[in-house]
Structure formats: structure tokens, C-alpha cells
Amino acid sequence: MQDMLVRLLDLPDCSKDERHLLESENIIIKRPIAPEKSIITNWVTSNFSANWGDEVDVSFASLPVNCFVAQREQSILGFACFESTSKNFFGPTGVLASERGKNIGKILLIKSLNALKEIGYAYAVIGGVGPIEYYQKVVNARVIEQSEKSIYQNLLKHRK
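Residue numbers here run from 1 along each chain, matching the order of that chain's written sequence. The predicted origin of the model limits local features to residues at a pLDDT of at least 70 and limits the giving and counting of side-chain atom pairs to 80 or more, whereas totals for whole chains, interfaces and linings rest on all residues. Only heavy atoms go into the side-chain values, all of them from the structure, while hydrogens and water stay out.

**Q** Run through the sheet that holds strand β6 (residues 123–129), naming residues and quoting values.
**A** Strands sit in the order β2-β3-β4-β5-β6-β1-β7 across an open sheet of seven strands; the sheet is mixed. Each edge of the open sheet is held by one strand with a lone partner, namely β2 (27–30) and β7 (142–143). Pairing between strand β4 (residues 75–82) and strand β5 (residues 89–95): four bridges, direction antiparallel. Bridge pairing links Ala 80 to Thr 93 in β5. Across the sheet, helix α1 (residues 15–25) is in contact with β2 and β3 (67–72); its angle to β2 comes to roughly 140°. The contact rule is simple, with two residues in contact once any of their heavy atoms fall within 4.5 Å. Convention adopted: a line fitted to C-alpha atoms gives each axis, helices being fitted over their contacting stretch, and angles between N-to-C directions are expressed from 0 to 180 degrees. For helices the rule is a DSSP run of H or I covering at least 4 residues; for strands it is a run of E covering at least 2, with both sets numbered from the N terminus onward. Along the sheet face, helix α2 (residues 37–47) touches β3 and β4 and points at about 90° away from the line of β4. Here, strands pair whenever DSSP counts at least two bridges between them.

In C-alpha cells form, the structure reads like this:
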């Protein structure tokens, strides 16, 4: 898997999509707070992976938290983290399969990238990308040549 680079100075506006989700689906996108740490970390570990749960855990070391979540009432639907494994990196991110296609992931991505922009970055790295075409389409990200060897190349993985 390769890394991608995204220019943060001209990100698309997701406010209409976010408003639509709130009005039509009662879905809110927010930065979580400390009392939600174990709930969100456990949810990510259960629905995605323990490694991603570890990255979410690290995102709570910053204030405000370097993570966004999508929720409907007391149900978590998706998440996105940034600067949890490396400075200026976006990810991990995930949305429940049952909730995909509603622009939840798009909003989580853009809000996270905007947070990186607010920190002062002009560009961000999307690490170890799976869906290259998605990131190209949504935020005009570009593959970083020769990035197959990344910070994840020797990652220890939890055994099941």
C-alpha cells in the first residue's frame, strides 16, 4: 500500500453534506471528549482492528482530541483520526458497512484534514491507503511515488 499527499489549502466544503446528515439521519460528526475514550477505542477495536484501536487511543493524548466520530444517538457509525501515528498523517478511518454511501467518511476525512490545516500544515499524508481512487476523487490526493515502504512496513499486528 502506498501513501498519498493532499493539498490542504483548497479542500472541498462539506457543510451541506454534514447538515443533510443531521437533518435526514440524525447523524452528528464531532470531536469526542475524554469520557468517551474507552467507548470509542473499544468500538474501533471490535469493528476494525486492535491496531486501529491503539491509534484511536493515542489520538486522545491531544486536546482537542485528534479524532472525529460520527454518531446517531448512542451509536457510533464511523471515525477518523489524524496525527495519531505520525505527525501530519491522516488515518486510520472507518465507517460501518451498513452506513457507507451516506458521505459519512467524506465528512470525517474533510473535517480531519481541515483540523490539520488549522494546526498549520499546507499538505498532509494519507498513510497506507487502500482506496486510492476514493481519495483522488474526494480531496484530489496524489500517490507519493516509492512510498510502498512506509512507517507501517514492519508493523506488529495483534494475533487473533
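**Q** Give a description of the side chain of Thr 41 that names residues and reports values.
**A** Inspection of the secondary structure assignment puts Thr 41 in helix α2. Under the rule applied, a polar contact is a pair of N or O atoms within 3.5 Å (in protein, one hydrogen donor and one hydrogen acceptor; residues adjacent in sequence only if both atoms are side-chain atoms). Of note is the side chain of Thr 41, whose polar atom sits 2.8 Å from the backbone oxygen of Lys 37. Beyond its immediate sequence surroundings of up to four residues, Thr 41 is in contact with Gly 53, Val 56 and Asp 57.

**Q** Go over the environment of Asp 57, please, and point to the residues and values.
**A** Examined against the element boundaries, Asp 57 turns out to sit in helix α3 (residues 50–59). Partly exposed describes any residue whose relative accessible area lies between the buried limit of under 20% and the exposed limit of over 50%, with all areas from a 1.4 Å probe on protein chains only and scaled to the type maximum. Owing to a relative accessible area of 32%, Asp 57 belongs among the partly exposed residues under this scheme. Considered as a pair, Asp 57 and Ser 38 are 19 residues apart in the sequence and their alpha carbons are 8.0 Å apart. Look past the residues within four positions of Asp 57 in its chain and what remains in contact with it is Lys 37 and Thr 41.

These figures capture arrangement, not role.
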